[in-house]
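Single-letter residue listing:
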Amino acid sequence: MKMLITGGAGFIGSHVCEFYAQRNYEIFVVDNLSSSNLENIMHIENLTFYQKDVSDCDFMEQLIKEHDFDYVIHLAALVSVAESIAHPKISLKNNLEASLNLLINLRKHSKKLKKALFASSAAVYGNLEKLPKAPEDQVLPQSPYAIDKYAAERNFIIFNELFGLPTTVLRFFNVYGERQNDSSPYSGVISIMLHKFKHDEKFIFFGDGTQTRDFVYIADVIQAINLVLMHEEATGEVYNVGTGHQTSLKEIFDVFSEISKIDLEFEHQDARKGDIKYSYAEIDKLSHLGYTPQFDIHSGLNNLYKKM
Ligand code: UD1
């Protein structure tokens, strides 16, 4: 089986590569290494790496024509809400245009495609008051990131409805785990906080720290990806990927304090613009495919802390 993983050298992508390489898939990775690291996948055999931008339409067309992939997992993106506000056109190019080009090329050249999976985001729900957030609920995107992710996921679904392309959309909630980039102010909050605890540096809460997220451990995300890939009935559908529970930033901070036994300094600054206040997933739809999260926030953070 040939599998194309865009953004495969990134945090989530490298775990996906490992999982399918162990199952003898032939893996092809396209990644521009803008926020990822080749070292994440150096140890994986049976993997072909292209340092290319997914928005390079000619390159992507040639690649898809040449290989006729069985599976495509589209993870390459600008991943930060805050960064999309600072650079909306980069989000448009990377999060929307590149995925539309991918769909056009798949439609044109794929004969064997079994599933093209799009990594969308819980950010599409915005500050929807109803909790937990379910795939059939209203969306209220409130950042360029969320707008582009929503438009891109609609394209994935519409290419299924119009042309029969076998697509599935996953709305990831807040994924954390080993190899998540911790070196940028735009990195995910758990990786930043962990880095601060490991280096005894002050942590900054944007806002009062009571904002919540559904933090989902990478192993459970891999479980979700594999389930939708292996179930034909997941085609043309949108799923939430989370744990079904919310945790505030303050609670995460307390768990790290307890695990590390460090009394870390912190301060509060203004909340970020475009930031969501409360978020957690309704996961019933994915549960019907057999999804059961294996890690709650305590076991996930403990596991991560030990490995870092
Ligand atoms: C995250 C993901 C996004 C994903 C979305 C799904 C990242 C960078 N972003 O966005 O790709 O689609 O979840 O829900 O992984 N914060 C602090 N201090 C910090 C950093 C962040 O207080 O040093 C706060 C933020 O203001 C925010 C919360 O932590 O309130 C979470 O921020 P972040 O990890 O960037 O995640 P999301 O914006 O939820």
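Note that the structure is a prediction, hence the values are computed from the model and not measured.

**Considerations on the side chain of Asn94**
Piece 1. Take Asn94: it is sitting in helix 4 (residues 88-109).
Piece 2. Using a relative accessible area of 16% as the deciding quantity, one classes Asn94 as buried.
Piece 3. Once residues lying within four places of it in the same chain are set aside, the contact partners of Asn94 are Asp53, Ala76 and Leu78.

**Quick word on the sheet that holds strand 11 (residues 238-241)**
Piece 1. Reading across the sheet, the seven strands line up as 3-2-1-4-5-6-11 and stay open at both edges, with parallel pairing between neighbours. A strand with exactly one partner marks an edge of an open sheet, and here the two such strands are strand 3 (47-50) and strand 11. Direction aside, neighbouring strands of the sheet carry axes that sit 20 degrees apart on average.
Piece 2. In terms of strand pairing, strand 6 (residues 167-172) meets strand 11 through four bridges, oriented parallel. For Val169, the partnering residue across the bridge sits in strand 11 and is Val238.

**Focus: helix 6 (residues 189-199)**
Piece 1. Restricting attention to buried positions, one finds in helix 6 the residues Ile190, Ser191, Ile192, Met193, Leu194 and Phe197.
Piece 2. On its buried side, helix 6 packs onto strand 7 (174-176), strand 8 (203-206), strand 10 (215-217), helix 8 (249-260) and helix 10 (297-307).
Piece 3. Just downstream of helix 6 lies Asp200, where phi reads positive at about 50 degrees.

**Notes on the domain arrangement of the protein**
Piece 1. Entries for the protein in the domain assignment read domain 1 (2-175 + 217-241) and domain 2 (176-214 + 244-282 + 296-307).
Piece 2. Between domain 1 and domain 2, the C-alpha centre-to-centre distance is 25 Å.
Piece 3. Listed by partner, the interface residues are 28 residues for domain 1 and 25 residues for domain 2.
Piece 4. Carbon and sulfur atoms make up 53% of the surface buried where domain 1 meets domain 2, a total of about 2300 Å² over both sides.
Piece 5. In terms of surface lost to domain 2, no three residues of domain 1 exceed Phe11, Asn174 and Tyr217, which account for 27% of the buried area on that side.
Piece 6. Counting every contact that joins domain 1 to domain 2 gives one salt bridge.
Piece 7. Note that Glu18 and Arg179 form a salt bridge whose closest N and O atoms lie 3.3 Å from each other.

**Quick look at unusual backbone geometry**
Piece 1. Look at the link from Leu131 to Pro132: it is a cis peptide, with omega at -5 degrees.
Piece 2. Looking at where Pro132 falls in the secondary structure, it is placed in the loop between strand 5 (115-121) and helix 5 (144-163).
Piece 3. One non-glycine residue, Leu33, adopts positive backbone phi at about 60 degrees.
Piece 4. One can find Leu33 in the loop between strand 2 (26-30) and strand 3.
Piece 5. With phi around 75 degrees, Arg179 is a residue other than glycine that occupies positive phi space.
Piece 6. Turning to its location among the elements, Arg179 is positioned in the loop between strand 7 and helix 6.
Piece 7. Exposure remark for Arg179: the relative accessible area of 25% places this residue in the partly exposed category.

**What about the site of the ligand?**
Piece 1. Taken together, 22 residues surround the ligand, and among them Val79, Ser121, Tyr145, Arg213 and Asp275 come closest.
Piece 2. Between Tyr145 and the ligand, the recorded distance is 2.6 Å, taken from a side-chain N or O atom to an oxygen atom.
Piece 3. Contacts to the ligand include Asp275, whose side-chain N or O atom sits 2.5 Å from an oxygen atom.
Piece 4. When the ligand sits alone it has 740 Å² of accessible area, and the protein chains cover 90% of it.
Piece 5. Secondary structure elements with two or more residues in the shell around the ligand: helix 6 and strand 8.
Piece 6. For the shell around the ligand, the per-class residue count stands at 14 nonpolar, five polar and three charged.
Piece 7. When residues of the shell around the ligand are assigned to domains, at least three map to each of domain 1 (2-175 + 217-241) and domain 2 (176-214 + 244-282 + 296-307).

Cut-off values and rules
- Residues numbered from 1 in each chain as written.
- Predicted model: local features only at pLDDT ≥ 70, side-chain atom pairs only at ≥ 80, totals over all residues.
- Heavy atoms only, no water.
- Helix = DSSP H or I, 4+ residues; strand = E, 2+ residues; numbered from the N terminus.
- Buried < 20%, exposed > 50% of the residue type's maximum accessible area, 1.4 Å probe, protein only.
- Contact = heavy atoms within 4.5 Å.
- Pairing = 2+ DSSP bridges.
- Axes fitted to C-alpha atoms, helices over the stretch in contact; angles between N-to-C directions.
- Domains from an automatic or database assignment.
- Buried area = accessible area lost by both parts, 1.4 Å probe.
- Salt bridge = Lys/Arg side-chain N within 4 Å of Asp/Glu carboxyl O.
- Near = heavy atom within 4 Å.
- Polar contact = N/O pair within 3.5 Å; in protein donor to acceptor, adjacent residues only side chain to side chain.
- Areas by Shrake-Rupley, 256 points an atom, 1.4 Å probe, with all protein chains shown as cover.
- Nonpolar A, V, L, I, M, F, W, Y, C, P; charged D, E, K, R; others polar.

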